[in-house]
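Letter by letter, the chains look like this.
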Amino acid sequence: MAEAVILTSGNGSNFQAISEAVARTNHKITAMICNKKDAYSFVRAEKLGIPSYHVSYLGRDRKAAEKEIDDLLERFHPDLIVLAGFMKLLSSEMTDKYEGKIINIHPALLPKYPGTHGIEESFASADTELGVTVHYVDSGMDTGKVIRQKSFVRSGSESLEEIETRIHECEHEIYPQVVIELLDRAEEGK
Ligand code: GRF
């Protein structure tokens with residue numbers, strides 16, 4: 001068995017998709033950490049029976065918040081740290097400490113459209129192929145090594161909402177797959 005901790009900031013649909021898929025394996029999601037107090041991901045955690053922790057970034061510097069996150073990571077000692085809609089940039093201290101163990105999903109085909117508007121920028125582009133990227137996390141904004149991408153071809157007549165739905169479908173398909181594969185690999189290495 002290998003274990004993962006998931007970091008979120010809001011809705012938590014990827015957190016749920018990953019947790020449900022991992023529950024069908026011998027691996028385990030041991031905790032969910034969220035920086036937003038009223039995030040829907042807490043409701044999902046409760047339903048999934050996964051312990052959840054709120055770590056606020058409000059009114060203090062990143063270092064203090066990251067110390068609290070790191071204390072939880074030290075406690076759970078996960079094989080994999082999964083960022084799923086986590087909207088904070090981790091410092092190089094954190095990404096160096098957990099190098100090769102932190103992954104993220106981005107709603108665009110990196111290196112195109114990094115940052116917080118990946119869906120809108122993909123939609124506004126002339127690209128006919130859109131998609132999502134799972135990548136390792138370094139201290140840059142969506143700059144870490146790409147692990148896997150999934151794309152689809154758009155007709156051009158879709159609305160932004162339709163494109164968003166297709167992007168989330170791609171995310172919910174490949175992110176659980178990659179997480180399980182990396183947990184399998186971590187288990188093999190034990
Ligand atoms: C996803 O589109 C993800 O790619 C981006 O933030 C969104 C999170 O959605 N980083 P959710 O919280 O998993 O529903």
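Notes on the structure follow.

Conventions we followed
- Residues numbered from 1 in each chain as written.
- Predicted model: local features only at pLDDT ≥ 70, side-chain atom pairs only at ≥ 80, totals over all residues.
- Heavy atoms only, no water.
- Near = heavy atom within 4 Å.
- Polar contact = N/O pair within 3.5 Å; in protein donor to acceptor, adjacent residues only side chain to side chain.
- Areas by Shrake-Rupley, 256 points an atom, 1.4 Å probe, with all protein chains shown as cover.
- Helix = DSSP H or I, 4+ residues; strand = E, 2+ residues; numbered from the N terminus.
- Nonpolar A, V, L, I, M, F, W, Y, C, P; charged D, E, K, R; others polar.
- Pairing = 2+ DSSP bridges.
- Axes fitted to C-alpha atoms, helices over the stretch in contact; angles between N-to-C directions.
- Contact = heavy atoms within 4.5 Å.
- Salt bridge = Lys/Arg side-chain N within 4 Å of Asp/Glu carboxyl O.
- Buried < 20%, exposed > 50% of the residue type's maximum accessible area, 1.4 Å probe, protein only.

## Focus: the site of the ligand
- Lining the immediate environment of the ligand, one finds N11, G12, S13, N14, G85, I105, H106, P107, H168 and E171.
- Measuring from an oxygen atom of the ligand, one finds a side-chain N or O atom of N11 at 3.0 Å.
- Within the complex, 85% of the 370 Å² of free accessible area of the ligand lies under protein.
- Only α1 (13-23), β5 (102-106) and α6 (160-188) provide two or more residues apiece to the shell around the ligand.
- For the shell around the ligand, the residue count by class is two nonpolar, seven polar and one charged.

## Thoughts on the sheet that holds strand β3 (residues 52-54)
- Strands sit in the order β3-β2-β1-β4-β5-β6-β7 across an open sheet of seven strands; the sheet is mixed. Because the sheet does not close on itself, it has two edges, and the strands there are β3 and β7 (146-153). Direction aside, neighbouring strands of the sheet carry axes that sit 20° apart on average.
- With four bridges connecting them, strand β1 (residues 3-8) and strand β4 (residues 80-83) associate as parallel partners. Note on β4: the bridge partner recorded for I6 is V82.
- Contacting β1, β2 (28-34), β4 and β5, α1 runs over the sheet at an angle of about 165° to β2.

## Thoughts on the pattern of salt bridges
- Overall, the coordinates contain nine salt bridges when judged by the stated rule.
- The closest approach of N and O atoms between R60 and E68, which form a salt bridge, is 2.5 Å.
- Assessed through its relative accessible area of 32%, R60 is described here as partly exposed.
- Residues D127 and K112 are paired through a salt bridge, measuring 3.1 Å at the closest nitrogen-oxygen approach. Linking D127 in the loop between α5 (118-124) and β6 (129-136) with K112 in the loop between β5 and α5, this pair joins segments that are 15 residues apart in sequence.
- The class for K112 is partly exposed, based on a relative accessible area of 40%.
- Salt bridges sharing common partners tie together D70, E74 and K97.

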